[in-house]
Amino acid sequence: MKKIRIVLINEIITLLSRPSFWLATLGIPLVAGLLFAAVGTLNMNSATSQAVSQIFSGPAEMRPEGYVDLSALVRSIPESIPAGTLLSFPDEKAARAALAQGQIAAFYIVPKDYLQTGKILYIRPDLNPLASGGDQSTLFRWALQVNLLGGEMLLSSLVNGPLAVQDVSLAPAGEAGPDQSNPLAFWTPYAVTLLFYFLIMGSASLLLSNISKEKENRVIEILLNSVTPTQLLTGKIMGLGLVGLGQAILWLGTGFVLMNLSGRVFTLPSEIHLPGSLVVWGVVFFILGYAVYASLMARLGALAPNLREASQVTFVIMLPLIIPLFFSSSVFMTDPNGLIATGLSLFPLSAPVAMMARLSAGGVPWWQPPLSALLLAGTAVIIVRAVAGMFRAQALLSGQGIKVRTYLLTLIGKA
Amino acid sequence: MSIVEITNISKSFGPVKAVDDVSFNIEQGELFGLLGPNGAGKTTAIRCMLDIFKPDTGSVAILGGAMNEAKKDHIGYMPEDRGLYQDITLERCLNYLGSLKGLSPAQVKQSSEIFLKRFDLTAHKTKKVKELSKGMQQKAQIIATLLHKPDLLIVDEPFSGLDPLNTQLVKDLLREQHQQGVTIILCSHQMNLVEELCERIVLIDHGRTVLYGSLDKIRRRFSGHAVSVQTRDTLPSLPRVERIETINGSFKLHLAPGSQPQEVLRLLVEQNINLDSFKISVPTLDEIFIRVVKNEGEGL
């Protein structure tokens, strides 16, 4: 245990003393912060920026918009629309004057022939090709729709969403299933999949470069005369894992701080309901997934003669983690308890990402996360032990070109 | 008492038999030479000895039994294919390697200061290893091997990359360790140094033991039937001498079967030859090495 601690501490100190590490650790949030500030400054008033800010900070204070109703269709503004949000003007001249004075952000003109053409003009001071309507376009659309239907709000609601399906699942009880009608909730599994993929890959890659470098420095044989391969590998996995986790926390924390510094409060939109257990399972699957992939990367680093060759094969090793990315926004949402989603989340090599994607979507039977974690833990133990044992063969294979077949054979102890 | 007992070990890598039925013993406090041409199987034999590789057959006993974790702290190993962490300071590198051998930070500091001073590296201890010259890195490597005062020292080509001054320094250090009772296994191609330092050797070629035993006995075994004579006179043809060879100003007289060196000496004196020296001709280890490796298997 003492030697594991010595290796662990050495790895942490070595990594923290590298300028390249700090460049990546601080550079990424710095660049993100600068981009964030630049975009915020340039597009402070643009609809895009406000839409983005709404995602992260909830609805911002809306500036009123106006309308000129030349077809006399809008007889009243529905009660559900806050007062003062939509202002009526008798003609375009009055609306333009209000726009020039900054009383309104933009205004709509409902032409006389609206019922024939269905066309509406939207007048605003700036040109934003990405924006399809104003801040209140949804509100004005709603007001127009209600008035077109004779002021019947309920009828208007039904026209908007005629199919209010109540989903009754006969699957075993679990957490609430995903709301497939919500686009934000729809993309949540994708975001979680991506986040976990990068967290695990980033941390595991540290081990690949570490072992490759030690091999290139020809230190491995000296180390193996002082520690066992298992002690060496365990110390490295733990040390680099802690640094990787710290780096991820720093990145996420910096993002959070930047949000707050820019005057925005980080709150997830109400449409996204992430289960409370997600954080706990997140830590579990990160640690186990990291242990598996860091070991595989260590093996790759031991087999390959240099980092360049090792990097060429990384894709093959990471493939099981990449596969769930293709299914994250489709299978995990549309059929989260189906064969593919369940299979991927129970298969140990894809479980760290796939199970997290399913958990973020919700509706996972309670017994599946622990089973998946158990299978993953078992795999982690086997792989860590197998890889540690193969550090002996590393010296033997030193200098040879890396072959995927050799890699796979050594993993099952056949080479 | 044997510190290392290698008994009939063999190790193959695929179709290549790197070590083939090799056996030798190393006694406590001995300075032992492990020799062989490139690719002979020396490194594989050492790796088997240190439990880095498991031999396919045969057994290894080291420091009185099978290798275990505690024993590693009593062994200093400097492999031929060696290196140090390049991106950290020499001081930190020694600290790390010393602590892995079970030394406390204070012990590492004390021990490394002594060796750094002796190898004239104190002024360089805060430099990154990659900033040191090849010779300095070589010396640093030797320090890392000795920091924990090992009982068994295995050094593979310790003189490579060193200038004559530092070669002498390492030679003195090995002699000093030997005098202090440390068992040393020296692998080297520099036969003159092995000859100078070692008492016994094993020569491996193509994975097999081709020579093993006391250096003195081996030399005598290969001395043949000749005497070496140094004189300013011209040597006449002599009875009982088959042929005369001139080597660097001295003469090597190959005796006829059944002749004795004393007889030749008497004949030389009788013929009034002024002798500067007269000795039994003994081949150098270099000569033996070349002869054995060239003629391996020819009745040795």
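Residues numbered from 1 in each chain as written. Chains lettered and ligands numbered in written order. Predicted model: local features only at pLDDT ≥ 70, side-chain atom pairs only at ≥ 80, totals over all residues.

1. A word on the overall build of chain A
Looking only at helices and strands, chain A has 17 helices and 4 strands in total. Expressed as a percentage of the 415 residues in chain A, the buried residues total 35%. Look at the contacts in chain A between residues 6 or more apart in sequence, and 78% of them connect residues 24 or more apart. (Helix = DSSP H or I, 4+ residues; strand = E, 2+ residues; numbered from the N terminus. Buried ≥ 20, exposed ≤ 12 C-beta atoms within 10 Å, placed from the backbone. Contact = placed C-beta atoms within 7 Å.)

2. Quick look at the overall build of chain B
When helices and strands are counted, chain B shows 10 helices and 13 strands. Going through the 300 residues of chain B one by one, you find that 36% of them count as buried. For chain B, contacts bridging at least 24 residues in sequence account for 68% of all contacts bridging at least 6.

3. Describing the confidence of the model for chain A
Of the residues in chain A, 73% have a pLDDT of 70 or more, and the chain-wide mean is 76. This model gives residues 51–60 of chain A a pLDDT under 50, and the stretch forms 14 contacts once residues within four places in sequence are excluded. (pLDDT = per-residue confidence, 0-100.)

4. Considering unusual backbone geometry
All names here are of chain B. Positive phi is not limited to glycine here, since Asp21 has a value of about 55°. Mapping Asp21 onto the fold places it in strand E2 (residues 16–27). For Asp21, a count of 14 C-beta atoms within 10 Å corresponds to the partly exposed category. For Arg240, which is not a glycine, the phi torsion comes out positive at approximately 70°. Mapped onto the elements, Arg240 comes out in the loop between strand E10 (226–231) and strand E11 (241–247).

5. Quick word on the nonpolar core
Within the largest apolar cluster, 129 residues are counted, with the highest numbers of intra-cluster contacts made by Ile200(A), Leu207(A), Ala294(A), Met297(A), Ile143(B) and Leu186(B). At 14 residues, the largest contribution of residues to this core is made by helix H11 (residues 277–303) of chain A. Apart from residues no more than four positions distant in its own chain, Ile143(B) is found in contact with Leu94(B), Ser112(B), Phe115(B), Leu116(B) and Phe119(B). Grouped together as the second largest cluster of nonpolar side chains are 17 residues, Leu86(A), Ala105(A), Tyr108(A) and Phe140(A) included. (Core = buried A, V, L, I, M, F, W, Y, C linked by C-beta atoms within 7 Å.)

6. Looking at the interface of chain A and chain B
Taken together, the contact between chain A and chain B spans 17 residues of the former and 22 residues of the latter. If you list the elements that add at least two residues to the side of chain A that touches chain B, you get helix H1 (2–16), helix H9 (220–224) and helix H16 (368–397) of chain A.

7. Considering the pairing of strand E9 (residues 208–214) of chain B
All names here are of chain B. Bridge analysis of strand E8 (residues 200–205) against E9 gives 6 bridges, and the strand direction is antiparallel. Paired with Ile204 across the strands is Thr209, a residue of E9. Where E8 folds back onto E9 in an antiparallel hairpin, the turn is made up of 2 residues, including His206, whose phi is positive at roughly 50°. (Pairing = 2+ DSSP bridges.)

8. Looking at the sheet that holds E11(B)
All names here are of chain B. The 4 strands are arranged E11-E12-E10-E13 in an open sheet whose pairing can be described as antiparallel. Only two strands of the sheet have a single neighbouring strand rather than two, namely E11 and strand E13 (275–280). The mean angle between the axes of side-by-side strands here comes to 20°, regardless of whether they run parallel or antiparallel. Packing against the sheet, helix H9 (residues 261–270) makes contact with E10, E11, strand E12 (250–255) and E13, and its axis sits at approximately 165° to E13. (Axes fitted to C-alpha atoms, helices over the stretch in contact; angles between N-to-C directions.)

9. A look at the packing of helix H3 (residues 90–100) of chain B against helix H4 (residues 105–118) of chain B
All names here are of chain B. Two elements in contact, H3 and H4, have axes whose closest approach is 9 Å; the angle formed by their N-to-C orientations is 120°. It follows from the interaxial angle that H3 and H4 lie oblique. Read as a crossing pair, H3 and H4 show a hand that is right-handed. Of H4, the residues touching H3 (which contributes Leu94, Asn95, Gly98 and Ser99) are Pro105, Val108, Ser111 and Ser112. Here the residues of the contact of H3 with H4 sort into 3 nonpolar, 5 polar and no charged. (Parallel < 35°, antiparallel > 145°, perpendicular 65-115°, else oblique. Left-handed = near helix turned anticlockwise from the far one by under 90°. Nonpolar A, V, L, I, M, F, W, Y, C, P; charged D, E, K, R; others polar.)

10. Remarks on the sheet that holds E8(B)
Residues and elements named next belong to chain B. With mixed pairing, 6 strands are arranged side by side in an open sheet as E5-E6-E7-E3-E8-E9. Of all strands in the sheet, those bounded by a partner on one side alone are strand E5 (75–78) and E9. Recorded for the sheet is a direction-independent mean angle of 10° between the axes of neighbouring strands. Judged from the 4 bridges that link them, strand E3 (residues 31–35) and strand E7 (residues 183–187) form a sheet pairing that is parallel. Along E7, the bridge assignment pairs Leu31 with Ile184. Sitting on the sheet, helix H5 (residues 134–146) is in contact with E5 and strand E6 (152–156), with an inclination near 160° to E5.

11. A short note on the packing of helix H12 (residues 307–327) of chain A against helix H14 (residues 339–346) of chain A
Residue and element names in this part refer to chain A. Orientation of H12 relative to H14, taken along the N-to-C sense of each, is 155°, at an axis distance of 11 Å. Accordingly, the angle class assigned to the pair H12 and H14 is roughly antiparallel. The hand of the H12/H14 crossing is left-handed. Between H12 and H14, the residues in contact are Ile323, Pro324 and Phe327 and Ile340, Ala341 and Leu344, respectively. Taken together, the residues of the contact of H12 with H14 break down into 6 nonpolar, no polar and no charged.

12. Here's the deal with helix H15 (residues 351–361) of chain A
Among the 11 residues in H15(A), 11 count as buried, and that is most of the element. Every buried residue belonging to H15(A) is among Ala351(A), Pro352(A), Val353(A), Ala354(A), Met355(A), Met356(A), Ala357(A), Arg358(A), Leu359(A), Ser360(A) and Ala361(A), and all of these are buried.

13. Side note on the pairing of strand E1 (residues 2–13) of chain B
All names here are of chain B. In this sheet, E2 lies alongside E1 in antiparallel orientation, the contact comprising 8 bridges. Note on E2: the bridge partner recorded for Lys11 is Val19. Counted between consecutive antiparallel strands, the loop separating E1 from E2 contains 2 residues, among which Gly14 sits at a positive phi close to 65°. In this sheet, strand E4 (residues 57–62) lies alongside E1 in antiparallel orientation, the contact comprising 5 bridges. Across the sheet, residue Ser10 finds its bridge partner in E4, namely Thr57.

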